[in-house]
Amino acid sequence: MGFLRTLLALSVVFDHLGGGNADHLVGGRLAVQLFYVISGFLISYVLTATDHYQGAVGKFYANRFLRLFPIYLAVAALTLAAHLMSGGAFFRLYDALPLSAELFLVLSNIFIIGQDWLMFFGIENSALAFTGSFAHSEVPLYQGLLVPQAWTLGVEMSFYLVAPFILGSPRRLLVLLAASLALRVALVAEGIGTNDPWTYRFFPTELALFLLGSLSHQVLLPRCKAWTQRIKRLPELGTAVLAVYCLLHFSIAINHNVRDGLAVLLFVALLPLAFLFQSRYRLDKAIGELSYPIYICHSLVILFFTWLLEEAHQDQPLLFSALVITSTIAFSALLNSVIADPVERLRKRLRSDDGEQAPAASS
């Protein structure tokens, strides 16, 4: 599962590099949605299969805070410093905004919550308004985000808020899953659900992906454990199938919506095997620990090399992409060493026992 998470993070990096890179691995949008599925699986695991947070919802929230915020805030601060040193062009966007929009951006940059909802707002007649799309705005609000891709963390945090109250109840889980899927169908029928940001930024419809991941854990993992007793290499096989799929996704010549839907179902079906694979191989988990910092820091790395090597960005895109990917991975390892590893020791203290430790959820 760790290697897969890092492949998905790299899919987002390629997508944000633009040009021909957007069709590498599974693409940015599908990678984000598959992250939702994985997150649902892992959060279901820590909440229902361990006793780390039984009767201690506050500990769960604190643990999630420590997982997301230290690296995010470090990258946001470095990005802010980079914009200051570049001459401050980033801040001129704020000069064109009403006070309400400035506050919206500042608070969401600090607290993450709200960055996803920002995508549904814009500036109309010099006032902040719900426009239904970030594209319908006199000033592009999203350009005021320090870590633009962190809006997905807002979606994740919405799931964390409700997860302790629904994942322990199969009835609630299934009712919410049905409601989320029905809402998606209704929005598509109305012609709204096929347009960004409603396609993958609207939490009520994306909730279905988290819940499918949770069902994968609760329903399929026990069966996969039993099958693995008979077929010892089944986790390796399942993980290999998912990895190969990530490499071949864009070569499957069918409708892209059907292809993405089948990819989600494939991950739901095989994630338990990838989870068992990770429990067998420490290297896989170590690789997976790079996924979150890769996801968070890559825009800063792209920004840095765009300023440093502007001509190479235009004239030698392959060299530029290789530099960004290599530097992003190296910077992610540094972030883990300096920030995530010390924080992880604190996170472990929050757990209620000294038994089996759950793998960190991806974001």
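Attention here is on the structure that accompanies the text. (Residues numbered from 1 in each chain as written. Predicted model: local features only at pLDDT ≥ 70, side-chain atom pairs only at ≥ 80, totals over all residues. Heavy atoms only, no water.)

## Comments concerning the overall build of the protein chain
The line we're drawing: Per the convention used, a helix needs a DSSP run of H or I reaching at least four residues, while a strand needs a run of E reaching at least two, with both numbered from the N terminus. Taken over C-alpha atoms, the radius of gyration is set against a globule rule of 2.2 Å times the number of residues to the power 0.38. Classification of residues uses two cut-offs on accessible area relative to the type maximum, computed with a 1.4 Å probe and protein chains only: under 20% is buried, over 50% is exposed, and between them is partly exposed. Whether two residues are in contact is decided by their heavy atoms: any pair within 4.5 Å suffices. The accessible surface values rely on the Shrake-Rupley method and a 1.4 Å probe; as for residues, cover is taken only from the protein chains in view. The charged-residue count follows a simple rule in which Lys and Arg add positive charge and Asp and Glu add negative charge, with His and chain termini not counted at all. For this purpose, a charge sits on NZ of Lys, CZ of Arg, CG of Asp or CD of Glu.
Counting secondary structure elements, the protein chain contains 15 helices and two strands. Computed over its C-alpha atoms, the radius of gyration of the protein chain comes to 20 Å, within 12% of the 21 Å expected for a compact globule of 363 residues. Here the C-alpha coordinates of the protein chain stretch approximately 60 × 50 × 45 Å along the principal axes. Each of the 363 residues in the protein chain was classed as buried or not, and the buried ones make up 53%. Residue pairs in contact within the protein chain that sit at least 24 positions apart in sequence constitute 75% of those at least 6 positions apart. Of the accessible surface of the protein chain, which amounts to about 16,200 Å², a share of 66% is contributed by carbon and sulfur atoms. Charge separation in the protein chain, taken as the distance between the mean sites of 24 positive and 24 negative side-chain charges, equals 15 Å.

## Considerations on the side chain of E236
For clarity, the cut-off: Throughout this description, a polar contact denotes any pair of N or O atoms lying within 3.5 Å of each other; where both atoms belong to protein, one of them has to be capable of donating a hydrogen while the other can accept it, and for residues adjacent in sequence the pair is counted only when both atoms sit in side chains.
Tracing the sequence through the fold places E236 in helix α10 (residues 234–248). In this structure E236 comes out as buried when scored by relative accessible area, which is 15%. Of note is the side chain of E236, whose polar atom sits 2.9 Å from the side chain of R233. A distance of 2.6 Å separates polar atoms of two side chains, one belonging to E236 and the other to Y281.

## A few points about the packing of aromatic side chains
Condition: Centre distance within 6.5 Å is the pairing criterion for rings of Phe, Tyr and Trp, where only the six-membered ring of Trp is used; planes under 30 degrees apart are then read as stacked, over 60 as edge-to-face, and the remainder as tilted. Comment: the charge-over-ring label is applied if NZ (Lys) or CZ (Arg) is within 6 Å of the ring centre and within 35 degrees of the ring normal.
Enumeration according to the criterion identifies 25 aromatic pairs in this entry. Residues F90 and F91 carry aromatic rings whose centres are separated by 5.3 Å and whose planes lie at 85° to one another, so their mutual orientation is edge-to-face. Taking relative accessible area as the criterion, F91 reaches 26% and is therefore assigned partly exposed. On the numbers, 5.4 Å between centres and 75° between planes, the contact of F134 with Y142 is edge-to-face. Ring-pair connections join several aromatic residues into one group, and the members of that group are F104, W117, F120, F121, F130, W198 and F202. Above the ring of Y160, the side-chain terminus of R64 is found at 5.3 Å from the ring centroid.

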